[in-house]
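Chain by chain, the residues:
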Amino acid sequence: MTVIDIPGSKSVTARALFLAAAAEGTTSLLRPLVSDDTEGFAEGLTALGYAVRREPDAWHIEGRPAGPGADTAEVYCRDGATTARFLPTLAAAGHGTYHFDASAQMRRRPLAPLTEALRTLGVDLRHGEREGHHPLAVHAHGVKGGALTLDAGQSSQYLTALLMLGPLTAEGLDITVTDLVSEPYVEITLAMMRSFGAEIRQEGRTYRVAPTGYRARTYGIEPDASTASYFFAAAALEPGRSVTVPGLGTGALQGDLGFVDVLRRMGADVEITDTGTTVRSTGTLRGLTVNMRDISDTMPTLAAIAPFADGPVRIEDVANTRVKECDRLDACAENLRRLGITVRTGPDWIEIHPGTPSGPAEIATHGDHRIVMSFAVTGLRTPGITFDDPGCVKKTFPDFHRVFDTFVRTP
């Protein structure tokens, strides 16, 4: 059995950075993810006037409940969706003028539901070029609060950003959601907010957030469940192989650990304990139809091993994967077809038929870290797979190729 130490969760690290910056006192984050996304978030906080001190295994953030320490700032969000959505929302609670921009990839990704909601709350927010996209300017004068309606059907990050803003408002927030994707990520948000002292009540599809502020604390970051999915998939694919990921067990916050339930349905042996999760190959992968709306970041992982199943694999209700770092549905289909696999797609689904992927082939990554890491798993059974941009894994797992290669070579 191979034991893999997975880096800290990107989702948890980003939320923890927001909450730490907003809290009264100094917060220590233990084992945060160190990657392009999280470093960009930390640098954004520094540009806004928050004190961030980074050590190898801990980051320390001096909170500013009144908002950014700087009254003007230029913030570059890189490729990070959490950075690009969370930081303007945090800045809105302060007082000053803050300009945000991002990479070409991030500029293409939508912001409109979030920025429209902030405007509903009275935030003076202006898009610099295309409405609903970066760049944008926030002319902040605090947020009174109130009630709003939100469509979070494209991204749960819109709801997360507004929920985390709630305790910083003068009167609190009532957010009614008309549609919601990736709901387990919202559960992460609520659990973390409460651990920093927030009070939230959920009544049906309405979230009521009290204006409590936040309290600093020491907070440990759990391993990234989305990143773990590549190792779990590899263990399920390769006969005789097993892998254990410590720190991701029955108490894990992240819904993407639910990917192992998909592997169990396909025939893998899965054991989840208080201390970690183990996946073992049984030598069989069955085809299935699965709704992955709540764990859509792991859709490419499943797509990458789907050809090796004994029947078609149909993944449904994943329209939101079309507005990620790339159109992941089309990217998976394109690359599987390059490998000779029969694939059908629709607006929110992909169906992959059994076959033997054939190389050599260069995977078109579209600059998307999850396409690289997913098709690295396909490469276990397909010699000759290469990537046109292998380095884009720096977004969430800079050391992925070395760690995965070590895992592959370990009996």
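Our subject is the structure listed above.
Below is a summary of the structure that appears in this document. (Residues numbered from 1 in each chain as written. Predicted model: local features only at pLDDT ≥ 70, side-chain atom pairs only at ≥ 80, totals over all residues. Heavy atoms only, no water.)

In this section: the sheet that holds strand 13 (residues 206-209). Within the open sheet, the four strands sit side by side as 10-11-13-12. Their pairing is mixed. At either margin of the open sheet sits one strand with a lone partner, and together these are strand 10 (146-152) and strand 12 (200-203). When strand polarity is set aside, the average angle formed by the axes of neighbouring strands in this sheet is 20°. In this sheet, strand 13 lies alongside strand 11 (residues 173-180) in antiparallel orientation, the contact comprising four bridges. Within the sheet, the bridge partner assigned to leucine 173 lies in strand 13 and is valine 209. Across the face of the sheet, helix 6 (residues 156-165) comes into contact with strand 10, strand 11 and strand 13 while running at roughly 160° to strand 10. (Pairing = 2+ DSSP bridges. Helix = DSSP H or I, 4+ residues; strand = E, 2+ residues; numbered from the N terminus. Axes fitted to C-alpha atoms, helices over the stretch in contact; angles between N-to-C directions. Contact = heavy atoms within 4.5 Å.)

The tally for this structure, following the rule as stated, stands at 32 salt bridges. With its nearest N and O atoms 3.1 Å apart, the salt bridge here joins arginine 107 to glutamate 129. Linking arginine 107 in helix 4 (residues 104-108) with glutamate 129 in the loop between strand 8 (124-127) and strand 9 (136-141), this pair joins segments that are 22 residues apart in sequence. Looking at arginine 107, the relative accessible area reads 25%, which means it is partly exposed. (Salt bridge = Lys/Arg side-chain N within 4 Å of Asp/Glu carboxyl O. Buried < 20%, exposed > 50% of the residue type's maximum accessible area, 1.4 Å probe, protein only.)

Let us now look at the nonpolar core. Counting residues in each nonpolar core, the largest one holds 74 residues, and the members touching the most others are Phe100, Leu159, Leu162 and Tyr214. Examining the composition of this core, we find that nine residues originate from one element, helix 1 (residues 10-22), more than from any other. Those residues in contact with leucine 162 that lie beyond four places of it in its chain are Thr89, Leu114, Ala117, Leu118, Leu121, Leu148, Leu150, Leu173 and Ile175. (Core = buried A, V, L, I, M, F, W, Y, C linked by side-chain atoms within 4.5 Å.)

A few words now on the sheet that holds strand 15 (residues 218-220). Read from one edge to the other, the open sheet built from four strands follows the order 4-5-3-15, with strand pairing classed as mixed. A single partner strand is all that each edge strand has here, and the edge strands are strand 4 (51-55) and strand 15. Looking at each pair of strands side by side, their axes are set apart by 15° on average, direction ignored. Two strands pair when backbone bridges link them, and strand 3 (residues 26-30) and strand 5 (residues 58-62) are joined in this way by five bridges, in the antiparallel orientation. When the sheet's bridge partners are listed, threonine 27 is paired in strand 5 with isoleucine 61. Of the strands in this sheet, strand 4 and strand 5 touch helix 2 (residues 36-47), which is tilted by about 145° from strand 4.

Remember, this is a structural readout, not a statement about activity or role.
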